[in-house]
Structure formats: structure tokens, C-alpha cells
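One letter stands for each residue in the lines below.
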Amino acid sequence: MKAVVWHGVGDIRLDEVPDPRIEEPTDAIVRLTTSAICGTDLHMVRGTMPGMKEGTILGHEGVGIVDEIGASIRNFMPGDRVVIPSTIACGFCSYCRAGYYSQCDNANPNGPDAGTCFFGGPELSGPINGLQAEKARIPFAGVGLVKVPDEVTDEQALLLSDILPTGYMAAELAEIKHGNTVVVFGCGPVGQCAIAAAKLMQAGRIFAVDSVPFRLDLAQEQGAEAIDFSREDPVAMIRQFTGGIGCDRAIDAVGVDASAPHSGPGSREFREHLQEFQQELAQVAPRTNVQGENWQPGDAPSMTLVWAVQSLAKAGTLSIVGVYPQTVSLFPIGAAMNKNLTLKMGNCDHRRFIPKLMELVQGKALDPAKILTQKAPFFNVIEAYQAFDLRKEGWLKVQLQMQGAIG
């Protein structure tokens, strides 16, 4: 079968690889009908998610048809249409039972203290081959698959695999209450879903901070107040718009690949912390493989965290769902402590949120497919990666169409 394979930093290829097979009685084999490219995948290619094992299949978002099931699978049959949660969980340990599926004690082959197990990640996360492939092995498939109703399209279900649950969890972690003022840093797919979730939770005002015009336009279409950090100081603008108080809740939907403004009022903070950011970048991405404009890590890994802390009102809440690998240690802890901030963060517990969100999509309360701005045939996946990496106009979220895809 064909699959996107990681060979090194800056080196991914569409390779012919062996078909997956049932390895445990709790496994299932799913034939993918559609997959996607995520910003997290770019971390692996840029080198800001270290520890990747050569030969790992990338991708952690997928919808497909069950091809084969292990002997212990009693709730799925071959032919079922399913969405695959990005993080892998056993469903029976104490963490899974409490809803912390991303902290499962049994899914990660490296042991319970190794961290979240997810598809297509670094060696410390498994590694478990990912979903940018024609077929995939799904461990603990009894809980690691969710049936897709006929009323929900493949496109809608694909966003339930990772992006919509992550955005919804971001809003939940932020403790958004009726009337709250919220700022979302990063208007990529997760940021857009966080804005939609904040609206569902009846936020009073939502600010959206980014520098990519079409992303800010989409945030405005959702009702958010757009702030372009390449033209204005986001912290100063938020304080101005809130009477000097700041926001009640902030969401970091950017993560370790944050980029700083190099001109305009917002660049002052970057210049003041330039040496610090350079040291962080050396820690975050010790190996890079820049190819022209492609695969360049963000130049200010903690920029979003600094802005978020500064933008919050005293006693506010900061929700962090942007990806930060285990190898980094950076946070403006002193400023956060002196404002009595609440910090909540983590990898998404996808399996906890998908059933509820599936009902909202089925009932037409949400339509996440709106952020699928590009569709690329699987044989053009490398070119799609390159365009997505450069944030080309209109490239917000890329759907990969497998041969025989439906929906």
C-alpha cells in the first residue's frame, strides 16, 4: 500500500509499504477513505517534534471503512464506516474511565509514564504508524473507533478525528462562562474550532490573533474581533479594547512553532527577547533541514505564551492546546503567578469529546467541514505538505482524498 513515511527532518516520501495486519485481538484494520494534514505533522518535518523514528508513517486524522477485526472486537463489523480518534487509549484503565484518554496507562508501548500515545508520532509516543496511508492498524479498536452516522459526511467526520475535539477541549479548559471575554491566539484549524466552541459556550466577546489575512477573515466570519500581530501590538490592542483590564480567558492554539512579528508595534517584544528566543529555538529544534522556504521552524517558541499571559486579566485562565514537545521547558511563570492565573493544558482526550460533537454535527449545530479549504488527491500529498507548510492563500486545512473515498 501507499503511505507518507518520515525518513528524516525535512524528508518525507510517499512510499510503498507492507499492508498492516492484526497483531492483537483488540486490533482492527481500517481502509482509509480520507485523511488530513495537521500542523502537528509539520512539527515532525520541521524538527520541532524531536525523537522521530525513521520509517514511521505520518498522520493522525482519518475516516474509513473497517476491513478486518480482531477476535476481541464486539462492537464493530467489517464494512462499518468509522472515524479514528487521534490519541490511542485502552478504555479500561483508571485514566480512560475518568475521561483522560490521552493519559492512558496501557496504550503507549513505552510504558505508563512515557506520555500520550498517538498515531504517527515520535518514538516516545509509541511509535504507532499513522493514518496518511491506504490502510491502518487501530489498537484497542473497541474504544479507538467511533461509528459515523449516515447523516454525517466524511468531510465532517474527518474534523472530528482531531481538530474539532481539540478546539472544543481548549474552550472547556479555558473555563469559558456566559459573557466572558476570550482571546484565541492562532487562527489555524484548531483556533477556528476553539472560536466556534467559545461561541457555543456563550462567550461575550472573542478576539482572534494571527498574521495570516485569510485566517483572520474566517475568524471574523465567525464573529471574532480580528487582531493582526504583524501590524499592531496584540497585547496593547486587547488592553485598549477591554478598557485596560484584559481578557478573562486565553487560548494558545499555536504551540512551539510560533512566529514573531519582525516589523510594526508588535515586534518590540520580539527584539527585547531575541536572545532568549534564539536559545529556545536551539533547544526546541536542534536539527533542522530547511529547503528554500519550506520546513522553517517558528522563530519565537514562547511568544504566544508571553502574549497570552500579558493579555489576561488578573485571576484569568490560560488554556494551552498548542503542541509543546516534552523536550522543552519554557514559560513566563513569574508573570503568571503574580497575576493569580489558572493554567490548564494538555493533549486532547479525543475519545471523550467525539460522541457529543458527533451529535452536534448530526443535528446541524456545528459544521466543521467549513474549514476544509483544500482537497488533494493522495498521490499529491508531498506537494500538499509543502503548500500547507507555507500557509499559502486559502490553505487552512487539507483533506487527503484516498482512492475510492466517499462522502
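Look up a bit, the structure's there.
Residue indices begin from 1 for each chain and proceed along its sequence in written order. Local features are withheld for residues below a pLDDT of 70 in this predicted model, meaning they are given only at 70 or higher, and side-chain atom pairs are given and counted only at 80 or more; totals for whole chains, interfaces and linings count all residues. Side-chain measures were taken over the full set of non-hydrogen atoms in the model, leaving aside hydrogen atoms and water.

Caption draft 1: Quick look at the overall build of the chain. Strands are runs of DSSP state E lasting at least two residues, helices are runs of H or I lasting at least four, and both sets are numbered from the N terminus onward. The helix and strand inventory of the chain stands at 14 helices and 15 strands. Summarising its shape, the C-alpha atoms of the chain cover approximately 60 × 45 × 40 Å along the three principal directions. Exposure categories follow from relative accessible area, calculated using a 1.4 Å probe and restricted to protein chains: below 20% of the type maximum is buried, above 50% is exposed, and the middle band is partly exposed. For the chain, with 407 residues in total, the buried portion stands at 60%. Pairs at least 24 apart in sequence give 74% of the contacts found in the chain among residues at least 6 apart. When charges are tallied, Lys and Arg are placed among the positive residues and Asp and Glu among the negative ones, while His and the ends of the chain are skipped. Charge positions come from single atoms, namely NZ of Lys, CZ of Arg, CG of Asp or CD of Glu. Positive and negative side-chain charges in the chain, numbering 34 and 46 respectively, have mean positions lying 4 Å apart. Whether two residues are in contact is decided by their heavy atoms: any pair within 4.5 Å suffices.

Caption draft 2: Broad picture of the sheet that holds strand S11 (residues 247–252). Two strands qualify as a pair provided DSSP detects at least 2 bridges between them. Taken together, the 6 strands give an open sheet; going across it, the order is S10-S9-S8-S11-S12-S13, and neighbouring strands pair in parallel fashion. Both edges of this open sheet fall to strand S10 (225–228) and strand S13 (342–345), since each of them pairs with a single strand only. Each adjacent strand pair in this sheet contributes to an overall mean axis angle of 20°, direction not counted. Sheet topology note: the strand S12 (residues 312–320)/S13 ladder contains 4 bridges and is parallel. Along S13, the bridge assignment pairs Thr317 with Thr342. For helices, the fitted line uses only the C-alpha atoms of the stretch in contact; every axis is such a line through C-alpha atoms, and the angle between N-to-C directions lies from 0 to 180 degrees. Packed on one face of the sheet, helix H5 (residues 163–173) meets S11, S12 and S13 and runs near 155° to S12. Across the face of the sheet, helix H7 (residues 213–221) comes into contact with strand S9 (205–210) and S10 while running at roughly 170° to S9.

Caption draft 3: Fine view of the nonpolar core. Within the largest apolar cluster, 53 residues are counted, with the highest numbers of intra-cluster contacts made by Val83, Ile176, Ile251 and Met358. Taken together, the elements giving at least two residues each to this core come down to helix H4 (154–160), H5, strand S8 (181–185), helix H6 (189–200), S9, H7 and helix H13 (350–362). Setting aside chain neighbours within four positions, we find Met358 in contact with Val83, Val146, Lys147, Val148, Pro149, Val152 and Leu160. With 52 residues, the next largest nonpolar core counts Ile84, Ala89, Cys90 and Phe378 among its residues. Put simply, a nonpolar core is a bunch of buried Ala, Val, Leu, Ile, Met, Phe, Trp, Tyr and Cys residues held in one set by side-chain atoms that sit within 4.5 Å of each other.

Caption draft 4: Spatial organisation of the environment of Pro20. If you trace the backbone, Pro20 turns up in the loop between strand S2 (11–16) and strand S3 (28–37). With a relative accessible area of 22%, Pro20 lands in the partly exposed category. Taking the C-alpha atoms as reference points, Pro20 and Gly47, separated by 27 residues in sequence, lie 27 Å from one another. Beyond its immediate sequence surroundings of up to four residues, Pro20 is in contact with Met1, Ile29, Lys135, Ala136 and Arg137.

Caption draft 5: Region of interest: the pattern of salt bridges. Here, a salt bridge means any Lys or Arg side-chain nitrogen found within 4 Å of an Asp or Glu carboxyl oxygen. Tallied over the entire structure, the rule returns 17 salt bridges. Between Asp80 and Lys147 there is a salt bridge, with its nearest N and O atoms 4.0 Å apart. On the criterion of sequence distance, the pair formed by Asp80 in the loop between strand S4 (62–69) and strand S5 (81–84) and Lys147 in strand S7 (residues 146–147) is long-range, its members being 67 residues apart. Overall, the relative accessible area of 44% leaves Lys147 in the partly exposed class. One network of salt bridges, with partners in common, ties together Glu23, Asp27 and Arg137.

Caption draft 6: Just the packing of H5 against H6, in detail. Orientation of H5 relative to H6, taken along the N-to-C sense of each, is 55°, at an axis distance of 7 Å. Comparing their axes, H6 and H5 come out oblique. The chirality of how H5 crosses H6 is right-handed. Judged by residue contacts, Ile163, Leu164, Thr166, Gly167, Tyr168, Ala170 and Ala171 of H5 engage Pro189, Val190, Cys193, Ala194, Ala197, Ala198 and Leu200 from H6. All residues other than Ala, Val, Leu, Ile, Met, Phe, Trp, Tyr, Cys, Pro, Asp, Glu, Lys and Arg, Gly among them, are scored as polar; the first ten of these are nonpolar and the last four charged. Of the residues that constitute the contact of H5 with H6, the class distribution is 12 nonpolar, 2 polar and no charged. Should an angle fall under 35 degrees it is taken as roughly parallel, and over 145 as roughly antiparallel, whereas 65 to 115 is taken as roughly perpendicular and any remaining angle as oblique. Here is the rule for handedness: rotate from the far helix to the near one, and if that takes an anticlockwise turn smaller than a right angle the crossing is left-handed, while a clockwise turn gives right-handed.

Caption draft 7: Representation of the side chain of Asp210 in the model. Relative to the helices and strands, Asp210 resides in strand S9. Within the buried core, Asp210 has no salt-bridge partner, and the shortest N-O distance to an opposite charge, that of Arg215, equals 4.1 Å. Aside from chain neighbours lying at most four places away, what touches Asp210 is Gly186, Cys187, Gly188, Arg215, Leu216, Ile227, Asp228 and Phe229.

Caption draft 8: Structural view of H6. The end-to-end C-alpha distance of H6, which contains 12 residues, comes to 17 Å, matching closely the 16 Å that a straight helix rising 1.5 Å per residue would cover. In terms of burial, H6 is a largely internal element, 10 of the 12 residues being buried. Those residues of H6 not exposed but buried are Pro189, Val190, Gly191, Gln192, Cys193, Ala194, Ile195, Ala196, Ala197 and Ala198. Taken together, the buried residues of H6 touch H5, S8, S9, H7 and S11. To estimate how far a helix should reach, multiply one less than its number of residues by 1.5 Å.

Caption draft 9: Layout of the packing of aromatic side chains. The pairing test for Phe, Tyr and Trp rings, Trp by its six-membered ring, is centres within 6.5 Å, and the orientation test on the planes gives stacked under 30 degrees, edge-to-face over 60, and tilted for anything in between. Inspection of the entire model under this criterion finds 5 aromatic pairs. Centroid distance Phe92 to Phe140: 6.4 Å. Interplanar angle 70°. Geometry classified as edge-to-face. With Phe92 in the loop between S5 and helix H2 (94–97) and Phe140 in the loop between strand S6 (135–138) and helix H3 (141–144), this pair connects stretches of sequence that are 48 residues apart. For Phe92, a relative accessible area of 48% translates into the label partly exposed. Ring geometry for Phe207 against Phe241: centres 5.9 Å apart, planes inclined by 10°, an arrangement best described as stacked. In this pair, Phe207 is assigned in strand S9 and Phe241 in helix H8 (residues 234–241), connecting sequence segments 34 residues apart. Judged by its relative accessible area of 0%, Phe207 falls in the buried class.

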